Amino acid sequence: MENFVYYNPTEIYFGRGQEEKIGEIIKKHGVKKILFLYGRSSIKKIGLYDKVVKSLKEVKIEFIEHGGVKPNPILSHTLEGVRKAKEFGAEAILGVGGGSVVDEAKAIALGVIVGEEELWSYFRHEKEIKEALPVFDILTLAATGTEMNGNAVITHDETKEKLYISSPLLCPKASILNPELTFTVPKEYQAYAAVDVIAHVIELYFSSDYCPKIQARFIEGLIKTVMETTEAILENPKDYQARAEFMWASTLALNGLAQIGFKGGGFHNHLLAHAIGGLYDLPHGACLSIVIPAWMKWWCAKNPSPFERFAKEVFGLSKAEEGIEALKNWFKKIGSPTSFKEAGLDEKAVEETAKITVQIALVWGLEKYYNFETTKEILMKALS
Ligand code: NZQ
Ligand code: ZN
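Residues numbered from 1 in each chain as written. Chains lettered and ligands numbered in written order. Predicted model: local features only at pLDDT ≥ 70, side-chain atom pairs only at ≥ 80, totals over all residues. Heavy atoms only, no water.

Enquirer: Sorry, what's going on with the coordination of the zinc ion (ligand 2) here?
Expert: Around a metal, the idealised angle for a tetrahedral arrangement of four donor atoms is 109.5 degrees; for an octahedral arrangement of six donor atoms it is 90 or 180 degrees. Within the protein, Asp196 (OD), His200 (NE2), His270 (NE2) and His284 (NE2) serve as the donor atoms for the zinc ion (ligand 2), at 2.0 to 2.2 Å. Classification of histidine 200 by relative accessible area gives buried; the value is 3%. (Donors = N, O, S within 2.8 Å, 3.2 Å for Na, K, Ca; no water. Buried < 20%, exposed > 50% of the residue type's maximum accessible area, 1.4 Å probe, protein only.)

Enquirer: Explanation requested: the site of ligand 1 in the structure shown.
Expert: Residues in close proximity to ligand 1 total 32 residues, the closest being Ser42, Gly99, Ser100, Asp103 and Thr184. Asparagine 151 is positioned with one of its backbone polar atoms (N or O) 3.1 Å from a nitrogen atom of ligand 1. The fraction of the free accessible surface of ligand 1 (970 Å²) that becomes covered by protein chains is 92%. For the shell around ligand 1, the elements supplying multiple residues, two or more each, are α5 (99-114), β6 (151-155), α7 (187-207) and α10 (268-280). Residue composition of the shell around ligand 1, by class: eleven nonpolar, 17 polar and four charged. (Near = heavy atom within 4 Å. Polar contact = N/O pair within 3.5 Å; in protein donor to acceptor, adjacent residues only side chain to side chain. Areas by Shrake-Rupley, 256 points an atom, 1.4 Å probe, with all protein chains shown as cover. Helix = DSSP H or I, 4+ residues; strand = E, 2+ residues; numbered from the N terminus. Nonpolar A, V, L, I, M, F, W, Y, C, P; charged D, E, K, R; others polar.)

Enquirer: What am I meant to see in helix α14 (residues 347-364) here?
Expert: In an α-helix, one full turn covers 3.6 residues, which means residues spaced three or four apart are oriented alike. Given a rise of 1.5 Å per residue, 18 residues ought to cover 26 Å, and the 25 Å separating the end C-alpha atoms of α14 matches this to within 8%. Residues of α14 that are buried include every one of Ala349, Val350, Thr353, Ala354, Ile356, Thr357, Ile360, Ala361, Val363 and Trp364, and no others. Structurally, α14 contributes buried residues whose contacts are with α6 (119-123), β7 (162-166), α10 and α15 (372-380). The N-cap of α14, judged by a side-chain oxygen 3.1 Å from the amide nitrogen of lysine 348 a few residues on, is aspartate 346. One or two residues past the end of α14 sits glycine 365, with phi positive at roughly 75 degrees. (Expected span 1.5 Å × (residues − 1). Contact = heavy atoms within 4.5 Å.)

Enquirer: What exactly am I supposed to notice about the nonpolar core here?
Expert: One recurring pattern in soluble globular proteins: nonpolar side chains tend to sit buried together. The biggest cluster of nonpolar side chains holds 106 residues, and the ones touching the most others in it are Ile223, Ile292, Trp295, Met296, Phe307, Phe310 and Phe340. At twelve residues, the largest contribution of residues to this core is made by α7. Formed by 23 residues, the second largest nonpolar core is a distinct cluster that contains Tyr13, Ile34, Tyr49 and Leu56. (Core = buried A, V, L, I, M, F, W, Y, C linked by side-chain atoms within 4.5 Å.)

Enquirer: Explanation requested: the packing of α7 against helix α13 (residues 320-334) in the structure shown.
Expert: The description of two helices packed together rests on the angle between their axes and the distance between the axes. With their axes 9 Å apart at the nearest point, α7 and α13 run at an angle of 155 degrees to one another. Classified by the angle between their axes, α7 and α13 sit roughly antiparallel to one another. Between α7 and α13 lies a crossing whose hand is right-handed. Of α13, the residues touching α7 (which contributes Ala191, Ala194, Val195 and Ile198) are Trp330, Phe331 and Ile334. Of the residues contributing to the contact of α7 with α13, the split by class is seven nonpolar, no polar and no charged. (Axes fitted to C-alpha atoms, helices over the stretch in contact; angles between N-to-C directions. Parallel < 35°, antiparallel > 145°, perpendicular 65-115°, else oblique. Left-handed = near helix turned anticlockwise from the far one by under 90°.)

Enquirer: Got a minute to help me understand the pairing of β7 in this structure?
Expert: With five bridges connecting them, β6 and β7 associate as antiparallel partners. Residue pairing across strands places threonine 155 opposite lysine 162, the latter belonging to β7. The turn joining β6 and β7, which pair antiparallel and follow one another in sequence, is formed by six residues; a positive phi near 65 degrees is taken by lysine 160. (Pairing = 2+ DSSP bridges.)

Enquirer: Looking at this structure, how should I read the environment of asparagine 149?
Expert: Relative to the assigned elements, asparagine 149 resides in the loop between β5 (135-139) and β6. With residues near it in sequence (within four places) discarded, asparagine 149 still touches Lys106, Thr144, Leu170, Cys171, Pro172 and Leu254. Here leucine 254 takes part through its backbone oxygen, which lies 3.1 Å from a polar atom of the side chain of asparagine 149.

Enquirer: When you look at the state of the cysteines in this model, what are you seeing that I'm missing?
Expert: The term disulfide refers to a covalent linkage connecting the sulfur atoms of a pair of cysteines. Tallying each qualifying case throughout the model produces zero disulfides. You can see cysteine 211 has no disulfide; the closest cysteine sulfur is in cysteine 300, sitting 15 Å from it. Under the relative-accessibility criterion, cysteine 211 is labelled partly exposed at 24%. (Disulfide = S-S within 2.5 Å.)

Enquirer: Help me out: how do you make sense of helix α11 (residues 284-302) in this one?
Expert: When the terminal C-alpha atoms of α11 are compared, their 27 Å separation across 19 residues agrees well with the 27 Å that a helix rising 1.5 Å per residue should span. Of all bends in α11, the biggest is about 30 degrees, found at valine 291, and the proline proline 293 comes one to four residues later. Of all 19 residues making up α11, 16 are buried, and the element is well covered by its neighbours. (Bend = angle between axes of the 7 residues up to and from the residue.)

Enquirer: Explain the packing of aromatic side chains to me, please; I cannot follow it from the model alone.
Expert: Aromatic rings in a pair are described by how distant their centres are and how their planes are angled relative to each other. Scanning the entire structure with this criterion turns up 19 aromatic pairs. Measuring from centroid to centroid gives 6.1 Å for phenylalanine 14 and tryptophan 248, while their planes differ by 75 degrees, and the two rings are edge-to-face. Remark: tryptophan 248 occurs in helix α9 (residues 240-253) and phenylalanine 14 occurs in strand β1 (residues 11-14); sequence separation between them is 234 residues. Looking at phenylalanine 14, the relative accessible area reads 31%, which means it is partly exposed. Look at tryptophan 248 and you get partly exposed, because its relative accessible area is 35%. Aromatic side chains tyrosine 369 and tyrosine 370 sit 6.1 Å apart centroid to centroid with 55 degrees between the ring planes, which places their arrangement in the tilted category. Residue class for tyrosine 370 comes out buried when judged on its relative accessible area of 1%. (Phe/Tyr/Trp six-rings, centres within 6.5 Å; stacked < 30°, edge-to-face > 60°.)

Enquirer: What is the right way to look at the environment of serine 207 in this model?
Expert: By secondary structure assignment, the location of serine 207 is in helix α7. Along the primary structure serine 207 and valine 226 are separated by 19 residues, whereas in three dimensions their C-alpha atoms are 21 Å apart. Contact partners of serine 207, with chain neighbours within four places excluded, come to Gly265, Gly266, His268, Trp295 and Trp299. A polar atom in the side chain of serine 207 sits 2.7 Å from the backbone oxygen of glutamate 203.

Okay, structure coming up:
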C-alpha cells in the first residue's frame, strides 16, 4: 500500500429518531446562533422542518432560515446565504436535506470567513482554505458522502462551471443519518444515488496504477451492497434495513476510507459528469451513468486488468467488456440514463461538454488526459 494519513473529524449519529437530538448536539459545540439551510419542499413535507425547529427552540439556539437550495446548488443562492449568516452573526451552519443542501452549507461556512468577493476563487483552487464556520447536518438523501467529507460542489450561475472545494475544515462537526428520513426519496433519485455511490468507489479502482487488494475487496463489497439494497428499495421504499445499509454504504464510499493506499488515479468520470451537470443542470447521478460506460470502454483499452477483475468479482463474468455491459444494463434497469440521447441531449451537447471538460480538467490537474479531441472521442461513445 502507498503511505497515507487518514483523519476524519465528523461525529455520526446513525439510526431512528436521531434528528431529535440536533439542538442538543449543536449546543454541545458551544454554538448559540445558526443559519438553518434547506431545499425547496421535501423537509416540510416529511415533517422534519417542525422537528428541527422544536429541537433548536428547546435548547434556545437562535436561528435564521435560508430555504430554496436547488439540486446542483448555485453560487448566487450561496452568496445570499453568506450575507444572511453574516448579518445575523451566525456561529455555525445547519444543513437539512440532500447533498446539495449540505454542500451549500459548507460553501456558506467558508464564505462567511473569506467574504463574498473571494469565495469563487477557492472553487478555482487559487487559494488555500484556512478557516470555516462549523457545519452540522441532517441528511435526507443518501448518495454523495458529503455528510462525512470535506467536499462541496457549487455551479457558477453565469459561466456554468461546476467546481468543488475540499478541506478537512469543511467536514461536518456532526451528521445525523436516520434511514427513515430517506423513505420518501423519489425512485429516480434513488437510482441516481446508487450510480453516484458506485462512481465514488470505482474511480481509483480503475484509474490508479496500483490498487491494494484490501481496497479492491472493500469496494466490490460496497458495490454489491449498493446494487442489492437499491433493488430492494425500488421494490419497497420503506424497507428500513435496505435504506440503512444503502445509507451507510454511501457514507463509506466517500469518507476517504475507500480512497486510501492507491498509487495515482483520479476522479475522471466525475470530471466529465460535472461538465454535463453544470451545463445542462441534470442530476449528478444521471450525468455519471451517461459517461461511465463510455469512459470504461476507453480506459479499458489502455489497461484491461482492473476491468477483468471487476467483471469477475462483481458480476461473475469472465471478460472485461462483459462487465462494462453488465454495469450499463444495471444502470438502465434501475432507470438512470446511459446516453446523451436518453437524457434528451444531442451531438451539440457532446461538443459543449468536451469544451468545458477541458477547462475543468485544468483546475483538477487532469489536463494531460483531456484535450478537446480525446474528450469528444470518449463522449461520442455515450451519444446513443
Ligand atoms: O429540494 P428538496 O425539496 O429538498 O428536494 C430534493 C431534491 O429535489 C429531493 N430530496 C432530498 N431528500 C428527500 C427528497 N425528496 C423526498 N424525500 C427526501 N427525503 O431530492 C432532490 C435531489 O437532492 P440533492 O440534494 O440535489 O441530491 P444529492 O444528494 O444527490 O446531491 C447532489 C449534489 O451533490 C454533489 C453533486 O454534484 C450535486 O450537486 N456532490 C457532492 C459531493 C460531495 N460533497 O462530496 C460528491 C458527489 O460526487 C457530488 O458531486
Ligand atoms: Zn459523485
